[in-house]
Amino acid sequence: MRKGIIPLLLCLCLLAGCAGRAANDAETVELMAMDTFMRVTAYGEHREAAELAKEEITALESLLSVTDEGSEIYAANHAEGKPVTLSSDTAALLSRALELCESTGGALDVTIYPVVRAWGFTTDEFRVPEADELAALLERVDYTQVSMEGNTLTLPAGVELDLGAVAKGWTGDRVAALLRQQGVESALLELGGNIHTVGAKPDGSLWRVAVTDPAGDGYAGVVEVANKAVVTSGGYERCFERDGETYWHIIDPDTGYPARTGLQSVTVVAEEGVKCDALSTALFVMGPEKAAEFWRETGGFDFILLTGGGEIVITEGIEGSFSPYGAWIDQTVIVLRR
Ligand code: AMP
Ligand code: MG
C-alpha cells in the first residue's frame with residue numbers, strides 16, 4: 001500500500017503550477033528513482049541543468065541503494081567487518097546522517113536495516129516477525145558501532161546500513177545546489193513526498209506546498225515557502241495490514257516495532273533537506289511531546305504534526321505560512337512557542 005505520493009504530486013501541480021501549464025517556460029525531467037516517482041522542474045531556459053539534475057539523481061541512487069548489488073551501501077553491508085572505501089558523496093551523507101542519529105538520541109538510527117528487512121519493507125513481502133526474532137535483530141542495531149575515518153567505513157559484522165530515511169533529502173540538497181550552480185533561480189523538486197524549492201516561484205511569490213491528508217486522497221494543509229525543503233514522514237506512506245492491525249515502515253529502534261506514538265504524519269520545514277528528512281522520521285518515532293521538547297532544545301527547523309486525534313500542531317516559525325485545508329480545515333491548529 002503506498003497511498004499519498006501521487007495525490008500529493010497532483011496537489012502540488014495545482015498549487016505550484018508545475019509541469020504541463022508551465023511547459024513553455026520550464027524544463028521538466030521525470031524519473032523513477034529511490035523507489036518513488038521524481039520530477040524536477042527548472043524555470044527558465046535550463047534544459048541542460050534539468051538533464052544534469054536527472055543524472056545526479058541516478059548517480060546518487062546507484063551509490064546509496066540498499067538493495068542494488070552494485071551500490072556502495074550494499075558493498076558496505078556485505079563487507080563482514082572489513083573496512084571499505086566510500087566515495088566522498090556517500091561518506092559525506094553518512095557522516096551527516098550519523099550526526100543526526102546522535103542529535104536525535106538514536107530515534108533516527110541508520111543501522112535499522114536488519115529490522116526493516118525482517119518486516120519485508122525492502123521487498124514488499126510483508127510479514128510480522130516474532131518478538132524474539134526482533135530482539136535478536138536489535139542486537140545489531142546501533143549507529144554508534146559505525147566507524148568512519150575519512151572515507152573509510154568499518155561496520156562490525158552483522159551491522160547493516162539503511163539510508164532510506166535520509167537519502168532523498170540529501171539528494172534534494174545536492175540537486176538544488178547543482179541547479180543553483182547552473183544559474184537556475186527558480187525550481188521545484190518533487191522527490192516522492194520530499195519537496196525542495198530553489199528560490200521562489202518565477203513570479204516571485206512563495207511556493208504553496210501541500211501536506212498530504214494521511215486518511216485520504218486530498219491534503220490536510222498548505223505551507224508557503226521559498227528556498228526550503230518540506231519533507232513528510234507518515235505511517236500511511238508504506239504499510240500493510242495483518243489480522244486487523246496496520247504496520248508501517250517507520251520503526252522505533254528501541255523496540256523493533258513500527259513507531260506508534262499517536263502521530264499520523266510529521267512534516268519538517270528547513271533549508272537543509274537531509275535534516276528535514278532525518279527529523280521527519282525521527283520526530284515520528286519520538287511522538288508529539290518529545291518532538292516538541294526536541295524542537296525547543298535545538299530549533300533551526302519548523303514542523304507540522306498531524307496527530308491521531310485529528311489535531312494539527314505547528315511551530316511558531318510557520319504560523320503565518322501554514323493553513324489547514326480540506327477535511328482538516330476546521331481542526332484546531334496548536335502553535336508551539338519557545
Ligand atoms: P522516511 O520515509 O524518510 O520516514 O524513512 C523511512 C525509511 O527509513 C524506512 O523505509 C526504512 O528504510 C528507514 N527507517 C525506518 N525507521 C527508521 C529509523 N528509526 N531510523 C532510520 N531509518 C529508519
Ligand atoms: Mg526521512
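About the thresholds
Residues numbered from 1 in each chain as written. Chains lettered and ligands numbered in written order. Predicted model: local features only at pLDDT ≥ 70, side-chain atom pairs only at ≥ 80, totals over all residues. Heavy atoms only, no water. Near = heavy atom within 4 Å. Polar contact = N/O pair within 3.5 Å; in protein donor to acceptor, adjacent residues only side chain to side chain. Areas by Shrake-Rupley, 256 points an atom, 1.4 Å probe, with all protein chains shown as cover. Helix = DSSP H or I, 4+ residues; strand = E, 2+ residues; numbered from the N terminus. Nonpolar A, V, L, I, M, F, W, Y, C, P; charged D, E, K, R; others polar. Phe/Tyr/Trp six-rings, centres within 6.5 Å; stacked < 30°, edge-to-face > 60°. Buried < 20%, exposed > 50% of the residue type's maximum accessible area, 1.4 Å probe, protein only. Contact = heavy atoms within 4.5 Å. Pairing = 2+ DSSP bridges. Donors = N, O, S within 2.8 Å, 3.2 Å for Na, K, Ca; no water. Axes fitted to C-alpha atoms, helices over the stretch in contact; angles between N-to-C directions.

Trainee: What is the right way to read the site of ligand 1 from this model?
Mentor: Not every one of the 16 residues close to ligand 1 is listed here, only the nearest: Asp162, Ser233, Ile251, Asp277 and Thr281. For ligand 1, an oxygen atom lies 2.5 Å from a polar atom in the side chain of Asp162. Bound to the protein, ligand 1 loses 93% of the 500 Å² it would expose on its own. Take the shell around ligand 1: its biggest share by element is three residues, from helix α8 (residues 273-286). Residues that form the shell around ligand 1 fall into these classes: nine nonpolar, four polar and three charged.

Trainee: Explain the packing of aromatic side chains to me, please; I cannot follow it from the model alone.
Mentor: Where two aromatic rings form a pair, the distance of their centres and the angle of their planes describe that pair. Across all of its chains, the model carries 13 aromatic pairs by this definition. On the basis of an interplanar angle of 20° and a centroid distance of 4.4 Å, the ring pair of Tyr219 and Tyr325 is categorised as stacked. With Tyr219 in strand β9 (residues 219-225) and Tyr325 in the loop between β16 (322-324) and β17 (333-336), the pair connects residues that are 106 residues apart, well separated along the chain. Ring plane angle 65° and centroid distance 6.5 Å describe the contact between Trp295 and Phe303, whose orientation is recorded as edge-to-face. The exposure class of Phe303 is buried, given its relative accessible area of 0%. An aromatic cluster is present here, built from Trp119, Phe121, Phe126, Phe240, Tyr247 and Tyr257 joined pairwise through their rings.

Trainee: Which parts of the structure should I look at to understand the side chain of Thr171?
Mentor: In this structure, Thr171 sits in helix α7 (residues 167-181). Of note is the side chain of Thr171, whose polar atom sits 2.7 Å from the backbone oxygen of Ala167. Residues contacting Thr171, with those up to four places away along its chain left out, are Met34, Ile57, Leu60 and Leu191.

Trainee: Where do I start with the sheet that holds strand β3 (residues 84-85) in this structure?
Mentor: Each strand in a sheet pairs with another by means of backbone hydrogen bonds, the pair being arranged parallel or else antiparallel. The three strands lie next to each other as β3-β5-β4, forming an open sheet whose pairing is antiparallel. Looking along the sheet, the strands with just one partner apiece sit at the ends: β3 and β4 (147-149). As paired elements, β3 and strand β5 (residues 152-154) share two bridges and run antiparallel to each other. Its bridge partner lying in β5, Val84 is registered against Leu153.

Trainee: Help me understand the coordination of the magnesium ion (ligand 2) in this model?
Mentor: Metal coordination angles have textbook ideals: 109.5 degrees for a tetrahedral set of four donors and 90 or 180 degrees for an octahedral set of six. Protein coordination of the magnesium ion (ligand 2) is provided by Ala165 (O), Asp277 (O), Asp277 (OD) and Thr281 (OG1), with donor distances spanning 2.0 to 2.4 Å. Each donor residue of the magnesium ion (ligand 2) lies on the same chain, and together they follow the pattern A-x111-D-x3-T. Note that Ala165 is positioned in the loop between β5 and α7 and Thr281 in helix α8, a separation of 116 residues in sequence. Assessed through its relative accessible area of 21%, Ala165 is described here as partly exposed. Taking the relative accessible area as the measure of exposure, Thr281 reaches 14% and is therefore buried.

Trainee: Could you clarify how one ought to interpret the sheet that holds strand β2 (residues 36-43) in this entry?
Mentor: Strand order in the open sheet formed by nine strands is β1-β2-β6-β7-β10-β13-β14-β15-β17, with mixed pairing between adjacent strands. Looking at strand neighbours, the two that pair on one side only are β1 (26-33) and β17, the edges of this open sheet. Strand-to-strand, the axes of this sheet are offset by a mean angle of 15°, without reference to chain direction. With five bridges connecting them, β2 and strand β6 (residues 187-191) associate as antiparallel partners. Each residue of the ladder has a partner; that of Met38, found in β6, is Leu191. Its contacts with the sheet put α8 on β7 (194-198), β10 (229-234), β13 (263-270) and β14 (302-307), and the angle it makes with β13 is roughly 155°.

Trainee: Looking at this structure, how should I read unusual backbone geometry?
Mentor: At Met34, a residue that is not glycine, the phi angle is positive and equals roughly 50°. Note on placement: Met34 falls in the loop between β1 and β2. One non-glycine residue, Asp124, adopts positive backbone phi at about 65°. Mapping Asp124 onto the fold places it in the loop between α5 (113-118) and α6 (131-138). By relative accessible area, Asp124 is classed as partly exposed at 37%.

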